[in-house]
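# A closer look at the structure
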Amino acid sequence: MNAVPDPPAAVFDEHRELLFGIVYGMLGTVADTEDVLQDVWLAWERRSHGAPIEHARAYLVRVGVNAAIARQEAVKRRRETYIGPWLPEPLLTEAAPDAAEPALRAESVSLALMVVLESLTPAERAVFVLAEVFGYAHGEIAALLGRSPASVRQTAHRARSHVQARRPKFAVDPAVHRQVTERFMAAVAGGDIDGLLGLMAPDVVLTCDGGGLGPAAGPRPMRDAERIAALLVSRRFRRSGGLEVEFRPVNGSPAALMCREGRVVGVLMLDLTPDLERVAAVYAVTNPQKLTTLH
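Within each chain, residues carry numbers counting from 1 in the order of the written sequence. Restriction of local features to residues with pLDDT of at least 70 applies here, the model being predicted, together with a cutoff of 80 or more for giving and counting side-chain atom pairs; totals for whole chains, interfaces and linings are based on all residues. Hydrogen atoms and water are omitted, and side-chain values are computed over all heavy atoms in the structure.

## Considering the pairing of strand 4 (residues 253-260)
Using a 1.4 Å probe on the protein chains alone, a residue whose accessible area is under 20% of its type maximum counts as buried, one over 50% counts as exposed, and one in between counts as partly exposed. Helix numbers and strand numbers start at the N terminus; a helix is a DSSP run of H or I with at least 4 residues, a strand a run of E with at least 2. With seven of its eight residues buried, strand 4 lies for the most part within the structure. Remark: two residues form the turn of the hairpin made by strand 3 (residues 243-250) and strand 4, two consecutive strands paired antiparallel; Asn251 in that turn has positive phi of roughly 50°. Pairing between strands is defined by DSSP: at least two bridges between the two strands are required. With six bridges joining them, strand 4 and strand 5 (residues 263-272) adopt antiparallel strand pairing. Pairing of Ala255 across the sheet is with Met269, part of strand 5. Counting the residues between successive antiparallel strands, the hairpin from strand 4 to strand 5 contains two residues, one of them, Glu261, with a positive phi of roughly 55°.

## Points about unusual backbone geometry
Even without a glycine there, the phi angle at Asp224 is positive, about 115°. When its relative accessible area of 37% is taken as the criterion, Asp224 is described as partly exposed. Phi at Glu261 takes a positive value of approximately 55°, unusual for a residue other than glycine. Mapped onto the elements of the fold, Glu261 is located in the loop between strand 4 and strand 5. Note on Glu261: relative accessible area 80%, which makes it exposed.

## Observations regarding the pattern of salt bridges
A carboxyl oxygen of Asp or Glu within 4 Å of a side-chain nitrogen of Lys or Arg is what we treat as a salt bridge. Taken as a whole and judged by the stated rule, the model has eleven salt bridges. The partner of Glu34 in a salt bridge is Arg16, and the shortest N-O contact between them spans 2.5 Å. On the criterion of sequence distance, the pair formed by Glu34 in helix 2 (residues 30-47) and Arg16 in helix 1 (residues 8-27) is long-range, its members being 18 residues apart. By relative accessible area, which is 30% here, Arg16 ends up partly exposed. Across the pair Asp32 and Arg71 runs a salt bridge, and its minimum N-O distance is 2.8 Å. In this pair, Asp32 sits in helix 2 while Arg71 sits in helix 3 (residues 56-80), placing the two residues 39 residues apart along the sequence. Residue classification places Asp32 among the buried residues on the basis of a relative accessible area of 4%.

## Topic: the sheet that holds strand 2 (residues 222-223)
Read from one edge of the open sheet, six strands run 2-1-6-5-4-3, paired in mixed fashion. The open sheet is flanked by strand 2 and strand 3, the only strands paired with a single partner. Contacts are assigned to residue pairs that have any heavy atoms within 4.5 Å of one another. Axis angles are defined between N-to-C directions and span 0 to 180 degrees, where every axis is a line fitted to C-alpha atoms and, for a helix, only to the segment in contact. Packing against the sheet, helix 11 (residues 225-234) makes contact with strand 1 (200-209), strand 2 and strand 5, and its axis sits at approximately 50° to strand 1.

## A few points about the packing of aromatic side chains
Planes of paired rings set the category: under 30 degrees apart is stacked, over 60 is edge-to-face and the rest tilted, where pairs are Phe, Tyr or Trp rings (Trp by its six-membered ring) whose centres lie within 6.5 Å. According to the stated counting rule, one finds three aromatic pairs in the structure shown. Centroid distance Phe20 to Tyr24: 6.0 Å. Interplanar angle 10°. Geometry classified as stacked. Taken together, the positions of Phe20 and Tyr24, both in helix 1 and four residues apart, correspond to about one turn of that helix. Judged by its relative accessible area of 9%, Phe20 falls in the buried class.

## A word on the confidence of the model for the protein chain
pLDDT expresses how confident the predictor is about each individual residue, on a scale running from 0 to 100. On average, residues of the protein chain score 87 in pLDDT, and 90% of them are at 70 or above. Per-element confidence in the protein chain ranges from a low mean pLDDT of 58 for helix 4 (residues 106-109) to a high of 96 for helix 10 (residues 193-199). The model gives residues 96-103 a pLDDT under 50, and that stretch makes six contacts with residues more than four places away or in other chains.

## Observations concerning helix 11
Within the span of helix 11, buried status applies to Ala225, Ile228, Ala229, Leu231, Leu232 and Val233. What qualifies as a polar contact is a pair of N or O atoms within 3.5 Å, subject to a donor-acceptor requirement within protein and to the restriction that residues adjacent in sequence count only when both atoms come from side chains. Capping of helix 11 at its N-terminal end is provided by Asp224; its side-chain oxygen lies 3.1 Å from the backbone amide nitrogen of Glu226.

## Thoughts on the side chain of His177
Locating His177 in the fold gives a position in helix 9 (residues 174-189). Classification of His177 as buried rests on a relative accessible area of 6%. Of the polar contacts made by the side chain of His177, one reaches the backbone oxygen of Leu270; its length is 2.8 Å.

In structure tokens form, the structure reads like this:
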């Protein structure tokens, strides 16, 4: 007796987490990712009425990747008129207890890495995400993108070299990262400027994405540890006016969620120096439109 094929919705749901991880890695926004996944679903649902597809996962990933590449131009145009620095949309990445291979791995969606990925071409970003994050072989990527394996290898080399030059890889112990984050936020809450200066590297950079709707540090990333410390202890990052702080994994790393009346009003994440002893970069997202999925 021939096995009855799974219904289209069940097959799509089986691969949805993988598709979300790949597309989010390419676009950096949840809304655009969800729109692309809706397009993938519609294409899959239409295609399922024809002859059976032997390799559903490959088909879905191919449609998703190419739809994401097509959408990147519109996303780029929006960012050209964005007010102030732009950061990817924060995403809670707490894995389910039984998730042995979560699609959203820590190294794949860190804000620091995704900021670097913004400087790649759409094709380079697609190849990097597929190869370096999700482990696709160059031959598989070539089939997905309709390119030759040699072309994909060249693109992968360019993308990897560019990312490595701007963000060298080094292992970060999550427990150490969380300890530094908690100490950092304790200094912010207590108005301890000396404590903050002791935690930050001299060339620390603060990137604050308010989008013109939330507190920000200015039109460009802020450099200068003393200015950054003074800003953090004087703004709504401090626990005043009913502000509470929760520590949860966001974009694969320990993060501080600033909440007021049960609503997240800001997210702060730290990037550490290779020796894990100082804060190299501070990323803060206060644009309320980017915080809606964190509630």
